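So the chains spell out like this:
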Amino acid sequence: MSESNNYSAKIKVILLGESRVGKTCLINAYFGRQFRANTLFTTIPESENKIIEINEKKYLIELFDTAGQEKYRSMNNIFIKGSKVVIFVYDVTEEKTFIELDYWIKTTKEILAKDAIYGIAGNKADLVEEIKIPNEKGKKYAEENGAKFCETSAKEDSKGFQSFLNKLIQEYIETNIDKISNEKNGKKLSSKNNKKKKKCC
Ligand code: GTP
Ligand code: MG
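In this text, all values refer to a predicted model and were calculated from it rather than measured experimentally.

Asks: Quick question: what am I supposed to make of the site of ligand 1 here?
Replies: Neighbouring ligand 1 are 24 residues; S19, K23, R36, A37 and T39 lie closest to it. Between ligand 1 and the protein, one listed contact pairs an oxygen atom with a side-chain N or O atom of T24 at 2.9 Å. Coverage of ligand 1 by the protein chains reaches 93% of its 660 Å² of free accessible surface. When grouped by side-chain class, the residues that make up the shell around ligand 1 number 8 nonpolar, 9 polar and 7 charged.

Asks: Where do I start with the coordination of the magnesium ion (ligand 2) in this structure?
Replies: Expected angles at a metal are 109.5 degrees for tetrahedral coordination by four donors and either 90 or 180 degrees for octahedral coordination by six donors. The protein atoms that coordinate the magnesium ion (ligand 2) are T24 (OG1) and T42 (OG1), at distances spanning 2.1 Å. Here the residue T24 occupies a position in helix α1 (residues 23-30), and T42 occupies one in the loop between α1 and β2 (46-54), the gap between them amounting to 18 residues. Residue class for T24 comes out partly exposed when judged on its relative accessible area of 24%.

Asks: Could you clarify how one ought to interpret helix α2 (residues 73-80) in this entry?
Replies: Working note: α-helix, 3.6 residues per turn, so residues spaced by three or four point in the same direction. Listed as buried for α2 are R73, N76 and I80. The arc enclosing the buried residues of α2, seen along the axis, measures out at 45 degrees, which places them on a common side. Residues S74 and I78 are exposed on α2 and point more than 90 degrees away from its buried face. Tucked inside the fold, the buried residues of α2 contact β1 (10-16) and α4 (101-111). The positive-phi residue at the C-terminal boundary of α2 is G82, with phi of around 85 degrees.

Asks: Looking at this structure, I do not really get the environment of K159. What am I missing?
Replies: Mapped onto the fold, K159 is located in helix α6 (residues 158-175). Note on K159: relative accessible area 62%, which makes it exposed. Residues K159 and G32, spaced 127 residues apart in sequence, show a C-alpha to C-alpha distance of 8.6 Å.

Asks: Mind showing me how you'd approach the packing of aromatic side chains here?
Replies: Two descriptors summarise a pair of aromatic rings, namely the distance from one centre to the other and the angle between the planes of the rings. Under the criterion given, the structure shown has 6 aromatic pairs. By the ring-pair criterion, three or more aromatic residues cluster together here, those being Y90, F98 and Y141. Across the ring face of Y103, the terminal group of R73 is positioned such that the distance to the ring centre comes to 4.2 Å.

Asks: Just checking my understanding: could you explain α6 for this structure?
Replies: Helix length check: α6 (18 residues) gives 26 Å between terminal C-alpha atoms against 26 Å at 1.5 Å per residue, within 8%. When we look at burial in α6, the residues that qualify are F161, Q162, F164, L165, L168, I169, Y172 and I173.

Asks: Explain the pattern of salt bridges to me, please; I cannot follow it from the model alone.
Replies: Where side chains of opposite charge bring their charged atoms close, a pairing between them can arise. Within the structure shown, the criterion is met by 12 salt bridges. As a salt-bridge pair, R33 and E48 come within 2.9 Å of each other at their nearest N and O atoms. Here R33, found in the loop between α1 and β2, pairs with E48, found in strand β2; they are 15 residues apart in sequence, far enough to count as distant. On the basis of relative accessibility, which here comes to 31%, the residue E48 falls in the partly exposed class. A salt bridge links E70 to R73, with the nearest nitrogen and oxygen atoms 4.0 Å apart. Taking relative accessible area as the criterion, R73 reaches 9% and is therefore assigned buried.

Asks: What am I meant to see in the nonpolar core here?
Replies: As a rule of thumb, soluble globular proteins bury nonpolar side chains together. I87, F161, L165 and I169 are the most contacted members of the largest nonpolar core, which has 29 residues in total. Those elements that provide at least two residues to this core are β1, α1, β2, β3 (57-65), β4 (85-91), β5 (117-123) and α6. Of all the elements, α6 adds the most residues to this core, at 7 residues. Aside from chain neighbours lying at most four places away, what touches I169 is I11, V13, Y30, I52, I54, I61 and V85.

Asks: I keep staring at the confidence of the model for the chain and nothing clicks. Help me out?
Replies: Averaged over every residue, the pLDDT of the chain is 91; the share at 70 or more is 90%. In the model, residues 193-201 has pLDDT below 50 throughout and makes 2 contacts with residues more than four positions away in sequence or in other chains.

Basis of the calculations
- Sequence order as written defines the numbering, with residues in each chain counted from 1.
- Chains and ligands are labelled sequentially in the order written, the chains with letters from A and the ligands with numbers from 1.
- Whole-chain, interface and lining totals are the exception, using all residues; otherwise, since this is a predicted model, local features are given only for residues with pLDDT of at least 70 and side-chain atom pairs are given and counted only at 80 or more.
- Remark: hydrogens and water are excluded; side-chain values derive from all non-hydrogen atoms of the structure.
- Near residues are defined by distance, with any heavy atom within 4 Å of the molecule or strand qualifying the residue.
- The definition of a polar contact used here is a pair of N or O atoms within 3.5 Å, where within protein one atom must be able to donate a hydrogen and the other to accept one, and adjacent residues in sequence count solely through side-chain atom pairs.
- Computed with the Shrake-Rupley method and a 1.4 Å probe, the accessible areas treat only the protein chains shown as cover for residues.
- Residue type decides the class: Asp, Glu, Lys and Arg count as charged, Ala, Val, Leu, Ile, Met, Phe, Trp, Tyr, Cys and Pro as nonpolar, and the leftover types, Gly among them, as polar.
- In this listing, donors mean N, O and S atoms no farther than 2.8 Å from the metal, or 3.2 Å for Na, K and Ca; water is missing from the atoms, so a site can look incomplete.
- Numbering of helices and strands runs from the N terminus, with a helix taken as a DSSP run of H or I at least four residues long and a strand as a DSSP run of E at least two residues long.
- Burial status follows relative accessibility: with a 1.4 Å probe on protein chains alone, a residue under 20% of its type maximum counts as buried, one over 50% as exposed, and anything between as partly exposed.
- Within this analysis, the arc is defined by the directions that extend from the helix axis to the C-beta atoms.
- In this description, contact between two residues means that some pair of their heavy atoms is separated by no more than 4.5 Å.
- Aromatic contacts are taken between Phe, Tyr and Trp rings whose centres are within 6.5 Å, Trp giving its six-membered ring; a plane angle under 30 degrees counts as stacked, one over 60 as edge-to-face, and the others as tilted.
- Two limits define a charge over a ring: the Lys NZ or Arg CZ must be within 6 Å of the ring centre, and within 35 degrees of the ring normal.
- The span you would expect from a helix comes to 1.5 Å times its residue count less one.
- A carboxyl oxygen of Asp or Glu within 4 Å of a side-chain nitrogen of Lys or Arg is what we treat as a salt bridge.
- Here, nonpolar core refers to any group of buried Ala, Val, Leu, Ile, Met, Phe, Trp, Tyr and Cys residues whose side-chain atoms link them within 4.5 Å.
- Confidence scores labelled pLDDT are given residue by residue by the predictor and lie between 0 and 100.

The following block contains the structure:
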């Protein structure tokens, strides 16, 4: 069986936020790809998969990139459904992208179940001279909105973002372990399988 067919649960993760905040670059950083100074606008949400190991079990991470431009926003709602981990991204050098977090958070919380885990990432922290949103402000806002916080840079802190996202995934797994422990390859084991299991143990 190939590794991609051998995992416990599938966990859907999505990045949301204004256009040009760096969502696509952060996803590239997560997958270990090189930073690119020129990127195209994302138009249609797309996902990429990665197997990660947490507490000695393998999980399939389905990571969705989305479009920040206003004209594509309504399409994102379909893709938000079923997400277990959400990261809202803003650009620390652009105040508007921070203010707009209110919209992204409100929209998402209306769609998702209570068990979703939220993170807020202030990106482009490498542009030190241009920072408009101090770290403390981002942190406080995240606390007020029930989200974990990190200030990062897709350009210079790819490891920091990888670790932030993996921690959020781990938190989801650990708080929902009862729900996902009877899944195999992302599918619920049938009650027949569960009954068999009970009999023989
Ligand atoms: P949409 O697809 O339109 O929603 O935008 P996006 O959020 O995916 O932004 P994208 O990742 O395409 O990045 C936009 C621009 O910001 C590009 O020119 C990137 O090179 C730049 N950028 C992204 N992350 C960083 C960063 O951490 N530091 C710096 N200096 N530039 C960054
Ligand atoms: Mg993009």
